[in-house]
Amino acid sequence: MKQKITGSEALLKSLIAEDVDTIFGYPGGAVIPVYDCLYDYQDKLKHILVRHEQGATHAAQGYARVSGKVGVTLVTSGPGATNTLTGIADAMMDSTPLVVITGQVASPLLGTDAFQEIDVIGITQPITKWAYQIRKPEEIAWAVSRAFYIASTGRPGPVVLDFAKDAQVGLVDFEYEKVDYIRSYQPEPDIKMERIKEAAALINGASKPFCLVGQGVILGNAEEELKEFLLKNDIPAGCTTLGLSSLPTDFPLNKGMLGMHGNVGPNRKTNECDVLIAIGMRFDDRVTGDLNTYAKQAKVIHLDIDNSEIGKNVAVDVKVLGNAKQTIPMITALLETRKRPEWNAEFEPDSQEEYVKVIDKELHPKEGYLKMGEVIRKVSEAANNEAVLVTDVGQNQMMGVRYFKYKQTRSVVTSGGLGTMGFGLPAAIGAKVGAPDRTVCFFTGDGGLQMTIQELGTIMQEKLNVKIIMLNNNFLGMVRQWQELFFHKRYSSTVMENPDFVAIAKAYGIASREVLKREELDEAIREMLEHDGPYLLVADVEEQGMVYPMVPAGSTITNILMGE
């Protein structure tokens, strides 16, 4: 039954039809009609007022990453829209489903350089799956249904809807139909059975197969299928940063993290295996190092839903196009049941070497300042290894993903491809909203926190129980590490003179504590986790701490620095 309503109400009804429950946004002139209508929909659509539009997109990302739903952002035109660009680009790089709705001047004013007009479509087309400008109220239901379908299917990603003001106030006979087909858009590619058979035959004939697990497993909800695949053929696996929580930390075939700051065993064995099986990952340069020396001895099988990723960086012997939830069990059905004790045992010497040279020193220092790794591991274990890890970008990020432990999927929220400083605080907000029953532990540095520190106001207003752990070293730590290793210790513009973070937290009504001494750490972490509400724990760590192991940029993946 059709009913005549305003375009603004049509938008909200469309969002409700798509099972949206939360919007992260910031009002402004070109989107006031939608916000006015939202006043009457507060019981159905929760709006979270962020303090900056970039924060809205990052919060929507955090929400999407832990919930598996589409994150939704609502902002005004002009600077409101342009402030979302970093988050949109971040979501595109990390395959995060977002629908970003931007206000726009009335359609008769388009192209006149009207107040707060900007070409949102022209700017966002390169960093979205789809960008569309709504100029008529009749287009609203059509555009929203397509936006959510495109954002959430296939390889997920961001969609932008630019909403002209006259379309917001015009009347329309509203009727909503969910889309499940768009001509020329094929989110689920046809699976070729001959490729499945070729992949299974290669694995069955392998002596030393090794599996690289990416976020595509999580996005495809294929975690259980992955476990069955690995266990049947006894295949060791390493995870990309975004793929980490697809396997529990203690899963017997999980050998750790790949890449620049990954574990020694997975990196070395990449160049020793005879069959390399990549699932839902894109062979990023931080994982591969020098492509000229990467896995040249191995036959490569690549499973991915995005055809453009297969063969883009690494030559592939068997291409398996399709959703991992479908393709993995199809291969598993053809695998022999095998045990590979000798091959799996080959990871142990690498693991022991890394423990002695790096991990033990990081987790069990005998004296001196707190170390980043020991703080992270203690927080993880105090939360029973069941918390959601959110990080900012830099040393806190790499230490976080290395030393946090995971029991369940969708437990890592971090900026991967774009490496966005300032991502973490708003993403932690979204993660807590998306998983209200889980503990959210956000690790940040003194640099990253100050990029979006205003979002403490959002935490204050929403009373969100986010645990913030700042690893404060008074440096832009990761840049400083590179300066120390590769630029002759010329610390150009990386020393930070910081404010009193405890006082800032107090101003926002957030409980806080600063820890300098190792003997105070356990009790401070317990106090933080037991506190009913948001909490900032400032851990003063060693100023010149290093994240090891490290593969220098552009180097072969087996050229691994492990410190002194």
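Everything below is about the structure printed above this text.
Here goes a summary of the coordinates provided. Treat the numbers as computed from the prediction; the structure is a model and nothing was measured.

## Section: the environment of Glu198
Within the secondary structure, Glu198 sits in helix H9 (residues 193–204). Here the alpha-carbon distance between Glu198 and Tyr369, two residues 171 residues apart in the chain, equals 54 Å.

## Structural notes on the pattern of salt bridges
Under the counting rule described, the total for this entry stands at 29 salt bridges. Where Lys227 meets Glu224, a salt bridge forms, and the shortest distance between an N and an O atom there is 3.1 Å. One end of the pair is Lys227 and the other is Glu224, both in helix H11 (residues 223–233) and 3 residues apart, which spans about a single turn. Look at Lys227 and you get buried, because its relative accessible area is 19%. One network of salt bridges, with partners in common, ties together Arg268, Lys269, Glu272, Asp350, Glu353 and Lys357.

## Topic: the sheet that holds strand E18 (residues 466–472)
The 6 strands are arranged E16-E15-E17-E18-E20-E19 in an open sheet whose pairing can be described as parallel. Each having just a single partner strand, strand E16 (412–413) and strand E19 (511–515) make up the two edges of the open sheet. Here strand E15 (residues 388–391) pairs with E16 via 2 bridges, running parallel. In the strand pairing of E16, Val390 is matched with Val413.

## Topic: the side chain of Lys467
Considering the arrangement of structural elements, one finds Lys467 in strand E18. One buried charged side chain, Lys467, makes no salt bridge at all; its nearest oppositely charged neighbour is Asp532, positioned 6.7 Å away. A distance of 2.7 Å separates a polar side-chain atom of Lys467 from the backbone oxygen of Gly533. Once residues lying within four places of it in the same chain are set aside, the contact partners of Lys467 are Val440, Cys441, Phe442, Met528, Leu529, His531, Gly533 and Tyr535.

## Quick notes on the packing of helix H3 (residues 53–67) against helix H19 (residues 424–434)
Relative orientation and spacing of two packed helices are given, respectively, by the angle between their axes and the distance between those axes. In contact at an axis separation of 6 Å, H3 and H19 are set at 40 degrees when each is read in the N-to-C sense. Judged by the inter-axis angle, H3 sits oblique to H19. In this structure, the crossing between H3 and H19 has a hand that is right-handed. Between H3, through Gly55, His58, Ala59, Gly62, Tyr63, Val66 and Ser67, and H19, the contact on the second element is made entirely by Pro426, Ala427, Gly430, Ala431, Val433 and Gly434. Among the residues forming the contact of H3 with H19, the class breakdown is 7 nonpolar, 6 polar and no charged.

Here is what the cut-offs are and how they apply
Residues numbered from 1 in each chain as written. Predicted model: local features only at pLDDT ≥ 70, side-chain atom pairs only at ≥ 80, totals over all residues. Heavy atoms only, no water. Helix = DSSP H or I, 4+ residues; strand = E, 2+ residues; numbered from the N terminus. Salt bridge = Lys/Arg side-chain N within 4 Å of Asp/Glu carboxyl O. Buried < 20%, exposed > 50% of the residue type's maximum accessible area, 1.4 Å probe, protein only. Pairing = 2+ DSSP bridges. Lys, Arg positive; Asp, Glu negative; His and termini not counted. Polar contact = N/O pair within 3.5 Å; in protein donor to acceptor, adjacent residues only side chain to side chain. Contact = heavy atoms within 4.5 Å. Axes fitted to C-alpha atoms, helices over the stretch in contact; angles between N-to-C directions. Parallel < 35°, antiparallel > 145°, perpendicular 65-115°, else oblique. Left-handed = near helix turned anticlockwise from the far one by under 90°. Nonpolar A, V, L, I, M, F, W, Y, C, P; charged D, E, K, R; others polar.

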